[in-house]
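Residues per chain are reported as follows:
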Amino acid sequence: MTDPLPWLVVLPLAWASVAFLLGPGRGAVLAAFGVALQCALAFELAARVQAAGALRYAVGGWGSPLGIDWYVDGLAVLMLGLTQVVALPLLLYARSYFGHAGAAGRYFWPLAGFLIGGMNALFVSADLFNLYVTLEIVGLAAVGLVAAGGGAAQLAAALRYLFATLLGSGAFLLGVALIYGACGTVSIELLGPLLAGEAPRAVYVAVVLMSVGLFLKTALFPFHYWLPPAHGGAAVPVSALLSALVIKASFYLLLRLWLDIFAPLVQPLAWLPAVLGSAAILWGSWQAVRAEHLKLLVAWSTVAQIGYLFLAFPLLATQAAALDAVVFQTVSHALAKAAMFAATGVVIHVTGNDTVAGVAGVAQRLPLTLFAFALAGVTLMGLPPSGGFLAKWLLIDAALAEGAWPLVLVVLLGGLLAAWYVFRVLRQAFLLAPPTEVAVRAPRLMEWSALLLAAASVALGVRGIELARLIAPVGAS
Amino acid sequence: MSTGMLFALVGALLFTMGAAGVALPGAPLRRIVAFNVMGSGALLVLVGLAQRGGGVDPVPQAMVLTGIVVAVAATALALALARRLGAPGARAASGDDD
């Protein structure tokens with residue numbers, strides 16, 4: 001069998017281009033087949049990485065100094081697998097969703113393909129400039145997806161998102177320029193030893209610029225201002241893709257840089273992400289508790305859950321469990337948030353109402369969807385045996401070992417607040433609703449893909465050991 | 001202080017001005033122009049700093065070309081969005097545009 005790695009990048013770009021040529025609204029079947037194939041490729045790649053360790057691939061046969069190098073280790077292959085596994089049910093969901101929503105889905109398929117292709121390329125890129133280009137591909141495709149809905153509010157949210165993402169990648173680019181000027185290379189492999197010793201002052205400026213740019217793109221508090229309108233206003237499959245995967249792409253990059261080449265430089269700064277993350281958890285959860293609209297509630301919950309990703313940063317250098325916690329939080333939040341948006345979409349489709357108050361009576365009409373929503377909620381709250389529980393448990397464990405009890409407090413408080421906003425929806429759902437005039441049937445495919453994602457986020461807590469084994473080489477180095 | 005360093009300093013200045021223009025509230029068109037100023041600043045730093053060795057380094061020039069392509073694509077998307085937003089029905093959003 002040929003090397004699966006290049007196909008993971010080429011395949012989504014290929015089906016996206018064909019979907020674009022087929023014309024507006026076409027290409028759903030193609031996309032589903034493409035992503036199913038990519039899932040198989042990602043698993044094949046994971047097996048190879050597990051057997052032979054990290055892989056290196058020279059694009060087009062051109063080597064490192066002149067050509068583009070790709071590098072896949074456990075963390076990269078985990079993100080590749082996660083992206084394809086979350087995207088597959090979401091694309092099936094989108095096929096059913098846009099079948100009903102008409103014009104909104106006209107350019108969904110090509111843009112989704114470019115988005116996935118861009119993310120796959122980002123996960124495997126091994127030099128800073130190439131990472132910048134893939135960041136831009138992901139950002140522009142995501143903005144296009146938000147705008148594709150076409151309403152004035154969506155366009156305004158898309159423009160706001162565009163300026164935020166351009167500002168973030170602009171700062172990243174200036175950082176790359178400074179690093180190239182100081183070190184004469186952008187290859188992560190070559191930069192490692194150069195930055196380990198006495199780094200020039202320009203590199204410190206670059207580290208700050210690149211980190212802030214990525215904070216902005218990951219929507220870490222207080223740079224989260226663009227997220228709720230963009231994720232809350234877009235079409236449901238788009239919100240799910242953005243909340244579950246796109247913010248994880250820039251986060252992955254940040255994690256990779258801080259773990260690897262920036263590690264000797266950022267040690268005194270490591271508490272900063274944790275402080276911002278704590279503020280994100282408290283503020284985001286509180287806004288979710290107060291939100292009137294269902295999709296805004298889920299979007300604010302994303303702001304809060306991003307905070308957990310950053311809490312572990314001061315512990316990464318000393319506690320091996322901290323990296324596991326970050327990875328489990330990434331995976332379980334991706335699955336749970338995709339499920340929660342998907343379930344929300346079914347509720348809005350059936351009730352025709354996107355307020356929290358409008359959920360009343362859903363327990364009788366959509367038991368399956370509500371079950372999916374509740375399961376995703378279990379993960380977000382961090383109740384056992386979900387993946388979210390495992391992530392928070394590992395995080396608390398690492399924080400206690402380090403004596404960082406404020407982090408423990410924030411995790412516990414965040415869990416309580418998450419329970420508050422999840423139960424707000426569930427309580428409303430169990431209220432008896434006045435009998436409705438027209439009963440809209442929920443599409444099967446949408447209900448089941450939401451449930452599948454939610455169940456996966458809970459099951460992760462039981463089968464987490466495989467993931468831990470996959471990233472183990474990264475943690476050791 | 002070589003010409004390269006001068007380029008880099010001017011680039012840093014342009015980047016700061018542009019970033020402020022993008023970050024601060026304003027008419028969409030103004031912010032799109034500011035984004036282009038910001039991007040040019042970053043690319044100027046890239047070529048400026050890399051010239052220190054004396055000879056011409058082709059790698060940053062290739063990067064700058066790629067960066068320009070990315071900036072053109074982003075500008076096109078931003079202009080399309082701003083135009084749609086300014087179309088009848090959404091005029092209030094760009095009313096302060098002059």
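Use the structure listed above.
Figured I'd write up the structure that's included with this text. Residue indices begin from 1 for each chain and proceed along its sequence in written order. Chain letters and ligand numbers both follow the written order, the letters beginning at A and the numbers at 1. Note on the predicted model: pLDDT of at least 70 is required for a residue's local features to be given, and 80 or more for side-chain atom pairs to be given and counted; whole-chain, interface and lining totals, by contrast, use all residues. Values reported for side chains reflect all heavy atoms of the structure, with hydrogen atoms and water molecules removed beforehand.

### Observations regarding the overall build of chain A
Okay, so step 1: Secondary structure counts use DSSP, requiring at least four H or I residues in a row for a helix and at least two E residues in a row for a strand, with both numbered from the N terminus. Scanning chain A from terminus to terminus reveals 20 helices and two strands.
Okay, so step 2: Both definitions apply: the radius of gyration is a C-alpha atom measure, and the globule rule equals 2.2 Å times residues to the power 0.38. Relative to the compact-globule value of 23 Å for 477 residues, chain A shows a C-alpha radius of gyration of 21 Å, a close match.
Okay, so step 3: Taken over the C-alpha atoms alone, chain A extends approximately 70 × 55 × 40 Å along its principal axes.
Okay, so step 4: Remark: exposure states derive from per-residue accessible area (1.4 Å probe, protein chains only) relative to the maximum for the residue type, with buried under 20%, exposed over 50%, and partly exposed in between. Put simply, chain A has 477 residues, and 63% of those count as buried.
Okay, so step 5: The contact criterion used throughout is that any non-hydrogen atoms of two residues lie within 4.5 Å. Relative to all contacts within chain A whose residues are 6 or more apart in sequence, the contacts with residues 24 or more apart total 80%.
Okay, so step 6: The accessible surface values rely on the Shrake-Rupley method and a 1.4 Å probe; as for residues, cover is taken only from the protein chains in view. Element-wise, carbon and sulfur atoms account for 69% of the exposed surface of chain A, whose accessible area totals about 16900 Å².

### A short note on the interface of chain B and chain A
Okay, so step 1: Residue-level contacts link 32 residues of chain B with 27 residues of chain A.
Okay, so step 2: Defined here as a combined quantity, buried area equals the accessible surface (1.4 Å probe) lost by two parts on assembly, summed across both. When residues of chain B are sorted by the area they lose upon contact with chain A, Met63(B), Val70(B) and Leu81(B) head the list and together hold 21% of the total.
Okay, so step 3: Take a side-chain nitrogen of Lys or Arg and a carboxyl oxygen of Asp or Glu: if they are within 4 Å of each other, that pair is a salt bridge. The interface formed by chain B and chain A holds zero salt bridges in total.
Okay, so step 4: The definition of a polar contact used here is a pair of N or O atoms within 3.5 Å, where within protein one atom must be able to donate a hydrogen and the other to accept one, and adjacent residues in sequence count solely through side-chain atom pairs. Inspection of the chain B/chain A interface yields zero residue pairs in polar contact (both at pLDDT 80 or more).
Okay, so step 5: When residues of the side of chain B that touches chain A are assigned to their parent elements, the largest contribution, 14 residues, is made by helix α3 (residues 58-86) of chain B.
Okay, so step 6: Under the scheme applied here, ten amino acids are nonpolar (Ala, Val, Leu, Ile, Met, Phe, Trp, Tyr, Cys and Pro), four are charged (Asp, Glu, Lys and Arg), and all others, including Gly, are polar. Tallied by class, residues from the side of chain B that touches chain A come to 26 nonpolar, two polar and four charged.

### Regarding the pattern of salt bridges
All names here are of chain A.
Okay, so step 1: This structure, assessed with the given rule, holds four salt bridges over all chains.
Okay, so step 2: The closest approach of N and O atoms between arginine 56 and aspartate 69, which form a salt bridge, is 3.5 Å. Of this pair, arginine 56 sits in strand β1 (residues 55-58) while aspartate 69 sits in strand β2 (residues 69-72), and the two are 13 residues apart along the sequence.
Okay, so step 3: The exposure class assigned to arginine 56 is partly exposed, which follows from its relative accessible area of 41%.
Okay, so step 4: In this structure aspartate 69 comes out as buried when scored by relative accessible area, which is 11%.
Okay, so step 5: The partner of aspartate 73 in a salt bridge is arginine 256, and the shortest N-O contact between them spans 2.3 Å. Placement of aspartate 73 in the loop between β2 and α3 (74-101) and of arginine 256 in helix α10 (residues 236-259) is noted, with a sequence separation of 183 residues between them.
Okay, so step 6: Residue classification places aspartate 73 among the buried residues on the basis of a relative accessible area of 9%.

The values are spatial; any link to function lies outside them.
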